[in-house]
Amino acid sequence: RRQRQTVNVLHGNETAVLLGDYLVSHAYHLCGRLGSQFAVCRVGATTNTVCEGELMQIHHRGNCRLTEAEYFEIITRKTASLTAVCGELGAHFAGAPQEQVAALEAYGRHAGIAFQIVDDVLDLIGSTETMGKTLGRDLDLGKPTLPLIHCLSSGDTAAAAQLAAVLGNGSTVLASEVCGWLDRTGSIDYAMQRAADHVMQAVAHLEALPPGSAKDSLAGIAHFIAFRQQ
């Protein structure tokens, strides 16, 4: 939907919610037509996990004490669990041995974590034209993302106090000011390095696959995550 109007903009919130419900229902319908219940069970479990992650994130809005471990638990549930099950189901229904199914599930999980970290960074420093969406939403909603968490715990008390006021009290601030604090504390570089680490872990799990164009494509997708346009 990037660079395009959303269903919500075109037809309103009620239609957008109902369309989402329809897509989930149709996914279950398709899974139910398979020869086994494996996909239904895994999609159902993952849907629960994604919802848990979203609820956790909403609960922690404005929480300036959110730890990195809690942040990673949230994004693993709300983003990485989805990409992980995609890898798992693809390998399972392709008839891959269990070792490769597990490897592609792990590949998807690490790729999803990296994607969400980069997405959070680009929400702060990206361009609206490139991203195709309104930026700064995480700050507006008081979401403590990885670069913000790093800045808050960096030891720079001035930057931490100013950022805490923005997250905790909804104080208005220019994006350039926030980026200045993050630059001063090395928080953007830190977050991008953590994303790169997960990209490398994702690629490492591909060693379980035989050489070929499919393996090369998956590696290319993982590397692209760390170098998305800002």
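None of the values given here were measured: they were computed from a predicted structure. (Residues numbered from 1 in each chain as written. Predicted model: local features only at pLDDT ≥ 70, side-chain atom pairs only at ≥ 80, totals over all residues. Heavy atoms only, no water.)

Peer 1: Is there a simple way to think about the overall build of the chain in this case?
Peer 2: Broken down by element type, the chain carries 12 helices and 0 strands. Computed over C-alpha atoms, the radius of gyration of the chain comes to 19 Å, within 12% of the 17 Å expected from 2.2 N^0.38 for 230 residues, which places it in the range of a compact globule. For the chain, the spread of C-alpha atoms along the principal axes amounts to about 60 × 45 × 30 Å. Looking at the chain residue by residue over its 230 residues, the buried ones come to 40%. Partitioning the intrachain contacts of the chain with sequence separation of at least 6 by distance along the chain shows that 68% fall at a separation of at least 24. Total accessible area on the chain stands at roughly 12600 Å², and carbon and sulfur atoms take up 57% of it. Side-chain charges of the chain comprise 17 positive and 23 negative groups, with the mean position of each set lying 4 Å from the other. (Helix = DSSP H or I, 4+ residues; strand = E, 2+ residues; numbered from the N terminus. Rg over C-alpha atoms; globule rule 2.2 N^0.38 Å. Buried < 20%, exposed > 50% of the residue type's maximum accessible area, 1.4 Å probe, protein only. Contact = heavy atoms within 4.5 Å. Areas by Shrake-Rupley, 256 points an atom, 1.4 Å probe, with all protein chains shown as cover. Lys, Arg positive; Asp, Glu negative; His and termini not counted. Charge placed at Lys NZ, Arg CZ, Asp CG, Glu CD.)

Peer 1: Would you take a moment to explain the packing of aromatic side chains for this structure?
Peer 2: Working definition: an aromatic ring pair is given by the centre-to-centre distance plus the angle between the planes. Under the counting rule described, the total for this entry stands at 2 aromatic pairs. Look at F38 and F93: their rings are 6.4 Å apart centre to centre, the planes differ by 65°, and that puts the pair in the edge-to-face class. Of this pair, F38 sits in helix 3 (residues 38–59) while F93 sits in helix 4 (residues 68–93), and the two are 55 residues apart along the sequence. Its relative accessible area of 25% is what places F38 among the partly exposed residues. Consider the rings of Y71 and F72, whose centres lie 5.4 Å apart with planes at 80°: the pair is edge-to-face. Overall, the relative accessible area of 3% leaves Y71 in the buried class. (Phe/Tyr/Trp six-rings, centres within 6.5 Å; stacked < 30°, edge-to-face > 60°.)

Peer 1: I'm lost on the nonpolar core in this one. Help?
Peer 2: Generally speaking, nonpolar side chains in soluble globular proteins are found buried as a group. Ranked by size, the top nonpolar core spans 45 residues in total, and within it Y71, I117, L139, L148 and L163 carry the most contacts. At the level of secondary structure, the elements contributing two or more residues to this core comprise helix 4, helix 5 (98–125), helix 8 (146–152), helix 9 (157–169), helix 10 (175–184), helix 11 (187–205) and helix 12 (213–226). The element contributing the most residues to this core is helix 5, with 11 residues. Other than its neighbours up to four places away in sequence, I117 contacts Y71, F72, I75, L146, A191, R194, A195 and H198. Listed in part, the 6 residues of the second largest apolar core include C31, A39, V85 and L89. (Core = buried A, V, L, I, M, F, W, Y, C linked by side-chain atoms within 4.5 Å.)

Peer 1: What's the story with helix 11 in this structure? I'm lost.
Peer 2: It helps to recall that an α-helix has 3.6 residues per turn; residues three or four apart then point in one direction. The terminal C-alpha atoms of helix 11 lie 28 Å apart, and with 19 residues this matches the ideal 27 Å at 1.5 Å per residue to within 8%. Along helix 11, the positions that sit buried rather than exposed are S187, I188, A191, M192, A195, H198, V199, A202 and V203. One face of helix 11 carries all of its buried residues, which in axial projection span an arc of 155°. Each element contacted by the buried residues of helix 11 is listed here: helix 4, helix 5, helix 8, helix 10 and helix 12. (Expected span 1.5 Å × (residues − 1). Arc of directions from axis to C-beta.)

Peer 1: Explain the pattern of salt bridges here, please?
Peer 2: Here the idea is simple: oppositely charged side chains can pair when their charged atoms come close. A full pass over the atoms with the stated rule returns 7 salt bridges. Put simply, R42 and E88 hold a salt bridge, and the shortest N to O gap is 3.0 Å. Of the two residues, R42 sits in helix 3 while E88 sits in helix 4, which places them 46 residues apart along the sequence. Classification of R42 by relative accessible area gives partly exposed; the value is 26%. (Salt bridge = Lys/Arg side-chain N within 4 Å of Asp/Glu carboxyl O.)

Peer 1: Is there a simple way to think about the state of the cysteines in this case?
Peer 2: One pass over the full model with this rule turns up 0 disulfides. There is no disulfide at C31, and the cysteine sulfur nearest it, in C41, is 9.9 Å away. With no disulfide of its own, C151 has C179 as its nearest cysteine by sulfur position, at a separation of 11 Å. (Disulfide = S-S within 2.5 Å.)

Peer 1: Would you mind going over the packing of helix 3 against helix 4 with me for this structure?
Peer 2: What describes two packed helices is the angle between their axes and the distance between those same axes. Orientation of helix 3 relative to helix 4, taken along the N-to-C sense of each, is 165°, at an axis distance of 7 Å. Classified by the angle their axes make, helix 3 and helix 4 are roughly antiparallel. At the point where helix 3 passes helix 4, the crossing takes the left-handed sense. Residue-level inspection shows F38, A39, R42, V43, T46, T49, V50, E52, G53, E54, M56 and Q57 of helix 3 in contact with helix 4, the latter providing E73, I74, R77, K78, S81, L82, V85, E88, L89, H92 and F93. (Axes fitted to C-alpha atoms, helices over the stretch in contact; angles between N-to-C directions. Parallel < 35°, antiparallel > 145°, perpendicular 65-115°, else oblique. Left-handed = near helix turned anticlockwise from the far one by under 90°.)

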